[in-house]
Amino acid sequence: MTSDLVAGAGAHRGLTTAEAAARLAADGANVVPAAPRRGVGARLSAQLRDPMILLLCVAFVVVLLLGDVSDAVIIALVVVLNSAIGVIQEVRAENAISALDRMAAPRARVRRDGNVHEIAAADLVVNDVVRLEAGDVVPADLVLDEAVDLEVDEAAMTGESVPVPRTVGDVAMSGTTVTRGRGFGVVVRTGADSGLGRIAALIASTRMRPTPLQRRLARLSRELVAVTAALCLVVLVLSVLRGGSWVDGLILSVSLGVAAIPESLPAVVSVALAMGAYRMARRSALVRWLPAVETLGSVSVLASDKTGTVTEGRMTVERLWTGESDDAAATERLLRDMVLCNDAGLHPGSATGWSTIGDPMEAALLVAAAERGVAQPELRAHWTRTDETPFDSGRQYMRTVDRGPQGLVEVVKGAPEVVLARVGSGDHVDRAHQRATELAEQGFRVLAVADRTVTPGAELELVGLVGITDPPRADAADVVAACREAGIRTVLVTGDHPATARAIAARIGVARADGEVVDGDAVARGEHADRVESIDVYARIRPEQKVDIVDAWRARGHVVAMTGDGVNDAPALRRADIGVAMGDRGTEVARQAADLVLADDNLGTVVVAVGEGRRIYTNIRTFLRYGLAGGLAEVLVILMAPFLGVLVPLLPGQILWINMLTHGVPGVAFGSEPLDRRVMRTPSPSPERSVLGGGLVRQILYGGALIATVSLAAALAAQNQGWHVQTAVFLTLGLAQLGLALALRAPRTGSALRQRWLEAAVGVAAVLQGLAVAWAPLRDLLGTQPFPAAGVAAVVVLAAVPGVATAIGRRTTRSIHTEEEESCAHHPRNRAHS
Ligand SMILES: Nc1ncnc2c1ncn2[C@@H]1O[C@H](COP(=O)(O)OP(=O)(O)OP(=O)(O)O)[C@@H](O)[C@H]1O
């Protein structure tokens, strides 16, 4: 049986499961219709509008008109391959994201068969009776049937962000949020007919907007196109000056341009982000907003709430205090008040004695009272609630008025400072203050309870204190330690008493010996802003103040992740760089305001997600290092070779072939490289910083110069030995880039085949590169010539040099972020860790 208080006493008893199923089959699911997906044709034409591909199409037409069929075939191959990779990657990315959407689907509490159950909001049907609580997003259009102090924020519908009271008979529109109170409503419209359905067009497709990193990379691509265009012009002029034809020069410079630019970059980035989000989801971290994937790696501060996040949220009443004398009547009164001023539900049944529904702390009060002989079901049979002020983190107390055998009784329970301030003064109250502090210092969460009989002139009297334990989670200390190792500072932000908060913070390793504890009043005076780095614990914080705490850290250049679960936490979750909500325990509002939802309610999952963020960021940078070094090498070879007496070191078709092999498949494989453990030692630089920062430019120049040098050395050797020079350069340039790809691999931890994408891609590309010289039809197409065995050996040795040199260089540096570590050490946000 569920108590009426929980199940609601409204006129509607709700549907039966069978009725709901029949209606669902007839009316369809309560979901907002999704925008139709783009067809393959539309996707292809979007790919073909890419400036680089357009340039290639122009080149294709030019060479075809000139009768250069073999180059035309290669250009066509490049276009087809690039577009196909682009379309496939886009579809994969979209699939990953819609899988995420399904996992993050909203839920609703509905009364069916007489009991309240939690179901997917999509399964709601007309006439269902839905229970609303502060923090819920209204899941369908409802007509209210019961409303206690209910307020709804309609900002999502009207843009007006002032909560409005709603009473019985009013409509609560789908998509609006409950900011206060509780109630029941009967569903009148679902899906496309509901309020949310009508504005669906507004919110559709917000997900696939480019992320900041994508936008920055797009800018980088444009800059590269400009630089390359200038270089192409130089090559064109040089080749004409040397007596070549305009047409040959044009084809050469266009091919060079295509080669110098990593066209697969957009595909690598979107796949890395979307697959990263998908991979995180499989490990219980749901990313609700794609840019969060790239910001996650840079998180440097984790502001965690306490109850249920670093503690188990499994509460037990262990201390009851009613004064110095242990008076049975006083205890009985305290127990009665704990049950009356309570919204949780208790029913006998489970093997352990009682099963409960509702807020864990209130449930703990019910269990404690029942164990001492005051069971809710019996008490409720004699008492009826006539008025109430629901609990609210801002007020920090709850008040009820009930009519029963002892008349009309008002009970107030809440934070001791708040309740004791309302009961006047005296010895008893002084002792209560003292006792409350002692209990808090021992790590108890303390509640004070006061009551009065509602008669004229009767004042509230202190009844007693309740000490509740909520043990730290077994892995909380490990999570804090893992964060510290990854360069992330953890601080505790809680609504609880400073002494309780400090005791828990000390147990899980958040509080340092010299760390400070500040309370909400100090934050209100702005005292935290100047010494934010020295504060470990923020206690008695009202949810609105979490925004100020986030701002203070961000003003210092930190990237802040903040956890939250309540309705009032939404602004702070939005303000933090990464808002983190708990999938199970959090309110729907918090979940929807968050960037990251932890499906397993486990704070440790944040560390997993941070690792994934860093992996993605590292992979994108590694791809840039690889792709840009290769492009640079090609440009250098074309520009420098004439000075060594080799006028045309590569034919246009050969450049395009190398480009296709090196950038295409191995390039995309870089996106799924595993995590290099070394990046878990320090946060990735803020996403605001250039992706090419931290020494990457130097590494690209070095790699490009090395590959160009060995390719030119191969040209000289071939000239000496009488081998075909273009074939020697072609083989060396291609193989050297593939060698570099292998050298830039992340260290493998296992031998799983799934981890071998990059090696497989490099292997296939190397075989194709060999075939381009060994197989006559390809030779005809590309203008290469058979190559002697000695030549092949020499080329392989030369081509191995850049890869081997890079691998040795990487092994001898402490970390792949060495340069970043050095430059970041001076950054204010990293001083905290050093
Ligand atoms: N249901 C309740 N009824 C009365 N008082 C409550 C209730 N829940 C909490 N309190 C009091 O209000 C204080 C603040 O609670 P709040 O829920 O804002 O934060 P918290 O859950 O203690 O911490 P955290 O922010 O880490 O989750 C508590 O310390 C307690 O004294």
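All values reported here derive from a predicted model rather than from experimental measurement.

Attention now goes to the sheet that holds strand β19 (residues 516-519). Strand order in this open sheet of eight strands is β8-β23-β22-β21-β9-β18-β20-β19, and the pairing throughout is mixed. In this open sheet, the two strands that pair with only one neighbour each are β8 (285-287) and β19. Shown here is a sheet whose adjacent strand axes are inclined to one another by a mean of 25 degrees, direction ignored. Across three bridges, strand β9 (residues 301-304) lies against strand β21 (residues 560-564) in parallel orientation. The partner of Leu-302 across the bridge, within β21, is Ala-561. Sitting on the sheet, helix α24 (residues 604-640) is in contact with β8, β9, β22 (578-582) and β23 (596-598), with an inclination near 135 degrees to β23.

This paragraph deals with the site of the ligand. Around the ligand sit 19 residues in total, of which Lys-306, Glu-362, Arg-445, Thr-494 and Arg-540 are the nearest. Within the backbone of Lys-306, an N or O atom sits 2.6 Å from an oxygen atom of the ligand. Here the ligand has 600 Å² of accessible area as a free molecule, and 90% of this is covered by the chains. Counting residues per element, the ones that place at least two in the shell around the ligand are α14 (360-371), β15 (407-414) and β16 (445-453). By residue number, the principal contributor to the shell around the ligand is β16, which donates three residues. Partitioning the shell around the ligand into residue classes produces six nonpolar, six polar and seven charged.

Bringing the UniProt feature "transmembrane region" (unreviewed entry) in the protein into the picture now. The UniProt feature table records "transmembrane region" (unreviewed entry) at residues 224-244, 250-278, 623-648, 654-675, 696-717, 723-744, 756-775 and 787-808. Helix makes up 86% of residues 224-244 and strand makes up 0%, while its end C-alpha atoms are separated by 27 Å. Across residues 654-675 one finds 68% helix and 0% strand; the C-alpha atoms that close the span lie 34 Å apart.

Counted according to the given criterion, the structure contains 42 salt bridges. Of the charged contacts in the structure, one is a salt bridge between Glu-438 and Arg-435, with a shortest N-O distance of 2.8 Å. Of this pair, Glu-438 and Arg-435 both sit in helix α17 (residues 427-441), three residues apart, roughly one helical turn. Of the residues examined, Glu-438 reaches a relative accessible area of 31% and is grouped as partly exposed. Residue classification places Arg-435 among the partly exposed residues on the basis of a relative accessible area of 22%. Where Asp-536 meets Arg-489, a salt bridge forms, and the shortest distance between an N and an O atom there is 2.9 Å. Here Asp-536, found in strand β20 (residues 535-539), pairs with Arg-489, found in strand β18 (residues 489-493); they are 47 residues apart in sequence, far enough to count as distant.

What follows deals with the packing of aromatic side chains. Applying the stated rule across the entire model yields three aromatic pairs. For the ring pair Tyr-626 and Phe-670, a centre distance of 5.2 Å and an interplane angle of 45 degrees mean the geometry is tilted. Here Phe-670 lies in the loop between α26 (665-669) and α27 (696-721) and Tyr-626 lies in helix α24, a separation of 44 residues in the sequence. According to the relative accessible area criterion, Tyr-626 is buried, its value standing at 1%. Residue placement shows Arg-111 over the ring face of Phe-184; its charged tip is 4.6 Å from the ring centre. Across the ring face of Tyr-397, the terminal group of Arg-422 is positioned such that the distance to the ring centre comes to 4.8 Å.

Before going further, it helps to examine the domain arrangement of the protein. Often, the extent of an interface is quoted as the loss of accessible area on bringing the components together. Each assigned domain of the protein is listed with its residue range as follows: domain 1 (4-30 + 104-199), domain 2 (40-98 + 217-284 + 608-831), domain 3 (295-311 + 472-601) and domain 4 (316-469). Between the C-alpha centres of domain 1 and domain 3 the distance comes to 31 Å. Contacts between the two partners involve nine residues from domain 1, matched on the other side by eight residues from domain 3. Between domain 1 and domain 3, a total of about 670 Å² is buried, with carbon and sulfur atoms accounting for 54% of that surface. Of all residues in domain 1, the largest losses of buried area upon contact with domain 3 belong to Arg-107, Gly-135 and Val-137, amounting jointly to 63% of the total for that side. At the junction of domain 1 and domain 3, the tally comes to zero salt bridges. If one sorts the elements of the side of domain 1 that touches domain 3 by residue count, strand β7 (residues 177-189) sits on top with three residues. Looking at side-chain class alone, the side of domain 1 that touches domain 3 contains four nonpolar, three polar and two charged residues.

Parameters and conventions
Residues numbered from 1 in each chain as written. Predicted model: local features only at pLDDT ≥ 70, side-chain atom pairs only at ≥ 80, totals over all residues. Heavy atoms only, no water. Pairing = 2+ DSSP bridges. Helix = DSSP H or I, 4+ residues; strand = E, 2+ residues; numbered from the N terminus. Axes fitted to C-alpha atoms, helices over the stretch in contact; angles between N-to-C directions. Contact = heavy atoms within 4.5 Å. Near = heavy atom within 4 Å. Polar contact = N/O pair within 3.5 Å; in protein donor to acceptor, adjacent residues only side chain to side chain. Areas by Shrake-Rupley, 256 points an atom, 1.4 Å probe, with all protein chains shown as cover. Nonpolar A, V, L, I, M, F, W, Y, C, P; charged D, E, K, R; others polar. UniProt positions renumbered as here; feature names shortened; annotations may be inferred. Salt bridge = Lys/Arg side-chain N within 4 Å of Asp/Glu carboxyl O. Buried < 20%, exposed > 50% of the residue type's maximum accessible area, 1.4 Å probe, protein only. Phe/Tyr/Trp six-rings, centres within 6.5 Å; stacked < 30°, edge-to-face > 60°. Lys NZ or Arg CZ within 6 Å of the ring centre and 35° of its normal. Domains from an automatic or database assignment. Buried area = accessible area lost by both parts, 1.4 Å probe.

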